[in-house]
Amino acid sequence: MTSPPSLSELLDQVLDRVRPTYQERKRLKRVAVDVIARIDELAQTRKLECKTLVVGSAARNTWLAGDHDLDIFIGMPEDSDLDIALDLARKVALQYEERYAEHAYVHAFFEGFELDLVPCYLVKDAAHIKSAVDRTPFHSQYVSSKIRGLEDDVLLLKQFMKGIGVYGSELRVGGFSGYLAELLVICYGSFLEVLQNAGNWNPGEFIDLEGHSARSHDDPLVMVDPVDPKRNVAAALSLDNMFQFAAAARCFLRHPDMNFFFPPEIKPLSDEELLRSIQNRGSTSILIEFAAPDLVEDVIFPQLRKAEQSIRSLLDRNGFSVLRSDADWHQNISPGSDDETDSDGDKTSVSRGVARIFFELEIGQLPEVHRLVGPPAWKEGHVERFLSCHQELLSGPYLENGHVVVEVKRKYTTATQLLSAQIFDLSLGEHLNHQVQKGYKICANRDLLKTKDQDFRKFMSKYFSAQQKIC
Ligand code: CTP
Ligand code: MG
């Protein structure tokens, strides 16, 4: 029997997998040089003053092997029009799409790489930015000046965060950005030191590398941006993700394991497994599906969470007590899934993907009888109004603790009846309301088995296991 690897052997094995090879680096460099040359040449022909630069992890050798993303910024003088830079970006690759953050940018596909070509203003320092992206070149300068010799530690930290599911500052994740991971390594000095320190974090942890904070923040983790004292680099990090990281860090230091970096892939639940989970729990499972709007993730996700909350409180208010819920958006519909056709005759879920909100109810069915507690008996006017609203009584009216009580027939005895009747009245978020009106589907318990989409089956597997690394 071979003995398990030592901690340093384990980290070396991880690095062998996440450190880009010489060939990979060479390819990335060639693509970057090529793209910059194209932009500069075009700018020269148009007599434009601009400065093209590689930023992000590619600029500081902190990108993970297999990540073929390049962040290239096109800097323009402060008084110019960024649309001019956008137009240069459009000419770089044949295949691209326009995306929007504070300003439009181009996401291009070029020789196997995904390029973000981002117009920005060249400002004199990060405290005078005109839009959030103008800060990025300053991040690059700062990190490049401090990170030499620590690149491998950043790779280990990014992969660890990826492995436990907390890497990425996009709203879907609410985790650690690449820049934040780099600053943590700069702050504590190594990957293992980051884990050691994170294990002792408390909510409200405050890190100020340059000692120049210019504002107080109310976030669980505050990492004052070294290039902009007003900004918290960790603003997107949720409390749960911060402490998932801290708990996993403690677990890992006690029991180092490759699983933290490369967890086993989540297997989609088979029909039998899905049915067994539903039956074992004895709860009521409800799934609501509709076509996802054709919008960027950071716009869809907050709306999806809002819709989940609205529906959840409707269910709770009506006595269908919700145990837990979750929502996601699945883009790839595998063959064999039962796509809906909406009223426009479109396939609702093929091209744009499908939004899914899942609720697990402690109570899925309520009795016919519904007890309603009315006003105190001494408020004559209120009592009259209450009784006139409830005329078909199963029992009552009677008094209890001075209040008038009636027992009437319940309008909706199942959660599906309630949802079908009231979903249009809910506030689900601007774009989602519209999508639901175009067509939606509700199914319960065994009927969930009809949804064969493998992304959905993985989502259910994650939901039922709900297991995080905590110790
Ligand atoms: N950025 C930021 N805050 C964010 C996201 C991005 O300040 N929430 C800036 C950082 O300067 C970052 C750059 O935008 O370096 C590029 O962003 P991104 O590609 O998301 O991160 P990388 O640092 O390049 O890390 P990765 O290896 O994940 O690409
Ligand atoms: Mg990047």
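Refer to the structure presented above.
Here is a short report on the structure shown in this document.

Rules of the game
Residues numbered from 1 in each chain as written. Chains lettered and ligands numbered in written order. Predicted model: local features only at pLDDT ≥ 70, side-chain atom pairs only at ≥ 80, totals over all residues. Heavy atoms only, no water. Axes fitted to C-alpha atoms, helices over the stretch in contact; angles between N-to-C directions. Helix = DSSP H or I, 4+ residues; strand = E, 2+ residues; numbered from the N terminus. Left-handed = near helix turned anticlockwise from the far one by under 90°. Contact = heavy atoms within 4.5 Å. Nonpolar A, V, L, I, M, F, W, Y, C, P; charged D, E, K, R; others polar. Core = buried A, V, L, I, M, F, W, Y, C linked by side-chain atoms within 4.5 Å. Buried < 20%, exposed > 50% of the residue type's maximum accessible area, 1.4 Å probe, protein only. Near = heavy atom within 4 Å. Polar contact = N/O pair within 3.5 Å; in protein donor to acceptor, adjacent residues only side chain to side chain. Areas by Shrake-Rupley, 256 points an atom, 1.4 Å probe, with all protein chains shown as cover.

**Notes on the packing of helix α10 (residues 271–281) against helix α15 (residues 454–465)**
Helix packing geometry: the angle between the two helix axes and the distance between the axes.
Phase 1: In the contact formed by α10 and α15, the axes pass within 11 Å of each other and the chain directions differ by 35°. For the pair α10 and α15, the crossing hand works out as left-handed. Seen from α10, the contacting residues are D271, L274, S277, I278 and R281; seen from α15, they are F456, R457, M460, Y463 and F464.
Phase 2: When grouped by side-chain class, the residues that make up the contact of α10 with α15 number six nonpolar, one polar and three charged.

**Brief notes about the nonpolar core**
Phase 1: Residues L115, L117, F160, F176, L184 and F245 are the most contacted members of the largest nonpolar core, which totals 78 residues.
Phase 2: For this core, the element with the highest residue contribution is helix α7 (residues 178–188), accounting for eight residues.
Phase 3: Beyond its immediate stretch of four places on either side in the chain, L115 contacts V31, V35, L70, V92, V106, H107, A108 and F110.
Phase 4: The next biggest cluster of nonpolar side chains, apart from the first, holds 30 residues, and it includes F290, A327, L361 and Y412.

**What about the site of ligand 1?**
Phase 1: In the vicinity of ligand 1, the contacting residues are G56, S57, R60, D71, T136, H139, K158, Y167, S169, G178, Y179 and R231.
Phase 2: Contact distances for ligand 1 include 2.8 Å between an oxygen atom and a side-chain N or O atom of S57.
Phase 3: Here H139 contributes a side-chain N or O atom positioned 2.7 Å from an oxygen atom of ligand 1.
Phase 4: Burial of ligand 1 by the protein chains amounts to 75% of its free accessible area of 560 Å².
Phase 5: For the shell around ligand 1, the secondary structure elements donating two or more residues are α3 (56–59), α5 (136–146) and α7.
Phase 6: Classifying every residue of the shell around ligand 1 by side-chain character gives two nonpolar, six polar and four charged.

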